[in-house]
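So you can see what is in the structure, the chains are spelled out below.
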Amino acid sequence: MLTDINNISLDRKDKRNIALILAAALIIKLILAFTLSADLRSDSLDYHKLAISMVKAGEYSLDGKPTASSTIGYPLFIAGVYALAGADQLSVRIAQSILEIFTGIMFFIFCLKYFDIKKSIIALAVFSFFPSNILYSQTLLSEALFGLLALVILYYFYGGKIDGKIFFIGMITGYAFLVRTSFMFSILVFPLALFVYNRNYFEGYKSKRIKRAVQYTVYFFAGAAIVVLPWLIRNKIVLNTFSTGTHGGSTFWSGSNPDATGTWYHKIEDTNPIFNIQDEAERDKAFYKAGMDYAIKNPHKFAVLGVKKLVYFFSSERMALLYFTPGEGRARTSTEVYKSINPFIIALVNIPYFAVMILGTWGLMLMKKRRFILYGYIFTCLFTFFIFVALARYHYVLIPLFVMGAVKFAFENRFRFSHFSMKQKIFGILVNLFFLVIWFAEFYLIYK
């Protein structure tokens, strides 16, 4: 699909601007790769250990013990980099910096589904130099890899027709799911789109459109199954569970228990003896049961916790900055560490994020093409984190869409509100107020 850019009518100036944007962003990321230090800890340390295990021992184990605590998608990517370039996080940073070139290209051609070339280049510049985009490319976290996969899938379903390539897209979707299992509900949006937009996708099959939609849905899931099933079978053989990962139960319980805050909280592992269960499959089941029991018995509290999870989901770009702070174990809370960061750096990273989210809210309402896919992707993502525990870095999956929305509102609509209905105006104001209250409260609590 990247070859589709050859079919776009770009003049020499456009090509030069695109090349300069991508090259400049790459240079910045490479400079940071060699100069920005980070201690491997938490998820990053686990990914590193799992990748090392695959490269050196040929097995998927953590500290010598077979595991499925993390799904295989991202550790497999790191293992591939380690096998080619050596087991050093620098090699992953360089690989992801290069990977971001292709992400930028995919983002640009996806933008062309909504904008002309000039505005698509503006959107590319905003996205390429977006601070958290640059920072996450320098982490051993799945944001950079998943971002590319998601854009490939979105681009395909925004195309003019569905063809045999959907089987390959299904395989990419399966791998994206193994990279980020939080993608699970969003996956359903794409086959449903085959039925919603069957007139567009299958224009030449007037009497057989539903049949075609069913046929290509089967191809899509067949492609995904080919990628996902080997992992499930491995987990059944090794751990006696068909679960894609044994970390889901704890993430569900962490957002559904009497002490839950909506996110991971300080010294959480000291709060429940289930953490001490050695069999991770049994531990996973026990956490799901405990979390479900609490949700069923306290539906009103679970709903309130769901809102709190979305508060953490849309909170500031703290995770992008905390990743590069020295590891201190449990000496201080993440809020205490965040407070110690230079306020100028915090502002430099967060102000673009605040602007994109505020403006993007309005611009997304103006996007009319394939709204079912666009809004379905966003709301299924929010639904996922309404149920499970949320972290600030998880909102990164929506940043490309909000960047497009911001460009739509600021550069195409020129900040005019006359194109919005009263319902849209009310919705936009409420969402913006929700964001502003979150950010104001967050920084008030940090600096009070």
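Up top is the structure.
To continue, consider a nonpolar patch on the surface. On the surface, F167, F195, I210, V214, V218, Y219 and I226 cluster together into a nonpolar patch covering about 590 Å² of accessible area. Broken down by element, the nonpolar patch gets its largest block of residues, 5 residues, from helix α12 (residues 209-239). Structurally, V218 can be placed in helix α12.

Turning our eyes to something else, we now look at the state of the cysteines. Counted by the stated rule, this structure contains 0 disulfides. Not engaged in a disulfide, the cysteine C111 finds its nearest cysteine sulfur in C381; these two sulfurs lie 18 Å apart. We classify C381 as buried; its relative accessible area is 5%.

Two quantities define a packed helix pair, namely the angle between the axes and the distance from one axis to the other. Between helix α5 (residues 117-128) and helix α20 (residues 399-412), the least distance of the axes is 10 Å, while the angle of their chain directions is 130 degrees. In this view, α5 runs oblique relative to α20, as classed from their interaxial angle. By crossing handedness, the relation of α5 to α20 is classed as right-handed. Residues K119, I122, A123, V126 and F127 of α5 form the contact with α20, whose own contacting residues are P400, V403, V407, F411 and E412.

Enumeration over the complete set of coordinates arrives at 10 salt bridges. Ionic pairing is found between K119 and D116, a salt bridge with its closest N-O pair at 3.4 Å. D116 gets classed as partly exposed once you look at its relative accessible area, which sits at 38%. A salt bridge links E412 to K408; the nearest nitrogen and oxygen atoms lie 2.4 Å apart. Of this pair, E412 and K408 both sit in helix α20, separated by 4 residues, roughly a single helical turn.

On to the side chain of S256. Structurally, the position occupied by S256 is in the loop between α13 (248-254) and α14 (280-297). With a relative accessible area of 0%, S256 lands in the buried category.

Next up on the list: the environment of Y114. Along the chain, Y114 turns up in the loop between α4 (89-111) and α5. Accessibility expressed as a relative area gives 12% for Y114, which makes it buried. A polar contact is formed between the side chain of Y114 and the backbone oxygen of K369, at a distance of 2.5 Å.

Moving on to the packing of aromatic side chains. In this structure the tally under the stated criterion is 47 aromatic pairs. Between F157 and F220 the ring centres are 5.8 Å apart and the planes differ by 80 degrees, which places this aromatic pair in the edge-to-face class. A residue pair is termed long-range when its members are at least 10 positions apart, and F157 in helix α7 (residues 143-157) and F220 in helix α12 qualify at 63 residues. Pair check on accessibility: F157 and F220 agree, each one buried.

About the cut-offs
- Residues numbered from 1 in each chain as written.
- Predicted model: local features only at pLDDT ≥ 70, side-chain atom pairs only at ≥ 80, totals over all residues.
- Heavy atoms only, no water.
- Patch = residues over 30% accessible without salt bridge, like charges linked within 9 Å, V, L, I, M, F, W, Y side chains within 5 Å.
- Areas by Shrake-Rupley, 256 points an atom, 1.4 Å probe, with all protein chains shown as cover.
- Salt bridge = Lys/Arg side-chain N within 4 Å of Asp/Glu carboxyl O.
- Helix = DSSP H or I, 4+ residues; strand = E, 2+ residues; numbered from the N terminus.
- Disulfide = S-S within 2.5 Å.
- Buried < 20%, exposed > 50% of the residue type's maximum accessible area, 1.4 Å probe, protein only.
- Axes fitted to C-alpha atoms, helices over the stretch in contact; angles between N-to-C directions.
- Parallel < 35°, antiparallel > 145°, perpendicular 65-115°, else oblique.
- Left-handed = near helix turned anticlockwise from the far one by under 90°.
- Contact = heavy atoms within 4.5 Å.
- Polar contact = N/O pair within 3.5 Å; in protein donor to acceptor, adjacent residues only side chain to side chain.
- Phe/Tyr/Trp six-rings, centres within 6.5 Å; stacked < 30°, edge-to-face > 60°.

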